[in-house]
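Topology and contacts: notes
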Amino acid sequence: MAKKAAPRAASAIAKTCLATQIRRLDRVITRIYDDELRPYGIKSTQLTLLANIALAGEIQPGELGRELDLEKSTVSRNVARLIDAGWVRSRKGEDARSVELQITPAGRRLLDQAHAGWKAAQKKARSLLGAKTAD
């Protein structure tokens, strides 16, 4: 059976959509970071949250999500993993409804240790993208 010619719109979308290309690039780059961070037991998304919690000192999950432009469910899921691993602690905030996140001493050690994996991933990602694109 002969292959039916794709309509022009479908062909243009399938072959040139920037959103699709960027999502694919995101998956490739994420894989690079996750591969380098695997020996430390953390994923790139979790390391980003951990670093931002460390920088803030104390931060509410909603504020963390807004700063990183992340969905609430993504923040909740990953923060729960950080807490379960002992890298972050949560405590009640000033009012009963709020929660404050803080990095733990174990989280600080992990951040220092995983920095080497992160640097290796940065180098690989920059090489893949090229310096001009990375900058």
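Numbering of residues starts from 1 in each chain and follows the order in which that chain's sequence is written. Only residues with pLDDT of 70 or above have their local features reported here, since the model is predicted, and side-chain atom pairs are shown and tallied only from 80 upward, although totals for entire chains, interfaces and linings are computed over all residues. Only heavy atoms go into the side-chain values, all of them from the structure, while hydrogens and water stay out.

Here's the deal with the overall build of the protein chain
- Secondary structure is summarised from DSSP: a helix means a run of H or I of at least four residues, a strand means a run of E of at least two, and numbering begins at the N terminus for each. Tallying secondary structure elements over the protein chain gives seven helices and two strands in all.
- The order of α-helices and β-strands along the protein chain, N terminus first, is α-α-α-α-α-β-β-α-α.
- A globule of 135 residues ought to have a C-alpha radius of gyration of about 14 Å, yet the protein chain, at 19 Å, is considerably larger.
- In terms of its C-alpha atoms, the protein chain occupies a principal-axis envelope of roughly 65 × 35 × 30 Å.
- The cut-offs for exposure are 20% and 50% of the maximum accessible area for each residue type, with area from a 1.4 Å probe on protein chains only; residues under the lower value are buried, those over the upper are exposed, and the others partly exposed. Among the 135 residues that make up the protein chain, the fraction classed as buried is 27%.
- Reported accessibility uses the Shrake-Rupley method at a 1.4 Å probe radius. Residues are deemed covered only where the shown protein chains occlude them. Working note: accessible area of the protein chain is about 9,700 Å², and carbon and sulfur atoms make up 54% of it.
- Charge counting treats Lys and Arg as positive and Asp and Glu as negative, with His and both chain ends excluded. A charge is said to be at NZ when it belongs to Lys, at CZ for Arg, at CG for Asp and at CD for Glu. Here the protein chain contributes 25 positively and 15 negatively charged side chains, and the mean placements of these two sets differ by 11 Å. For a compact globule the rule gives 2.2 Å times the number of residues to the power 0.38, and the radius of gyration it is set against comes from C-alpha atoms.

Digging into unusual backbone geometry
- At aspartate 69, a position not held by glycine, the phi torsion is positive, near 55°.
- For aspartate 69, the position within the fold is in the loop between helix H4 (61-68) and helix H5 (72-84).
- A relative accessible area of 70% places aspartate 69 in the exposed class.

A short note on the pattern of salt bridges
- Any carboxyl oxygen of Asp or Glu that lies within 4 Å of a side-chain nitrogen of Lys or Arg is treated as forming a salt bridge with it. With the rule as written, the count across this model stands at four salt bridges.
- The residue arginine 91 makes a salt bridge to glutamate 58 at a minimum N-O spacing of 2.8 Å. Placement of arginine 91 in strand S1 (residues 88-92) and of glutamate 58 in the loop between helix H3 (44-56) and H4 is noted, with a sequence separation of 33 residues between them.
- On the basis of relative accessible area, arginine 91 is assigned to the partly exposed category, the value being 37%.
- When the shortest N-O distance is used, the salt bridge between aspartate 135 and arginine 126 registers 3.1 Å.
- Judged by its relative accessible area of 34%, arginine 126 falls in the partly exposed class.

What to know about the packing of H3 against helix H6 (residues 105-129)
- Relative to each other, H3 and H6 sit at 130°, their axes nearing to 11 Å. The angle between the axes of H3 and H6 places the two elements in the oblique class. Along this stretch, H3 crosses H6, giving a crossing that reads as left-handed. Side by side, H3 and H6 meet where Leu47, Leu50, Ala51 and Ala54 of the first sit next to Gly107, Leu110, Leu111, Ala114 and Trp118 of the second.
- Three residue categories are used. Nonpolar comprises Ala, Val, Leu, Ile, Met, Phe, Trp, Tyr, Cys and Pro, charged comprises Asp, Glu, Lys and Arg, and polar comprises the others, including Gly. Residue composition of the contact of H3 with H6, by class: eight nonpolar, one polar and no charged. With axes taken as lines fitted to C-alpha atoms, and helix axes fitted only over the stretch in contact, angles between N-to-C directions fall between 0 and 180 degrees. Any angle between 65 and 115 degrees counts as roughly perpendicular, while under 35 counts as roughly parallel, over 145 as roughly antiparallel, and the rest as oblique. Take the far helix as your reference; a near helix turned counterclockwise from it by less than a right angle gives a left-handed crossing, and one turned clockwise gives a right-handed crossing. Residue contacts follow a heavy-atom distance rule, with two residues in contact if any of their heavy atoms lie within 4.5 Å.

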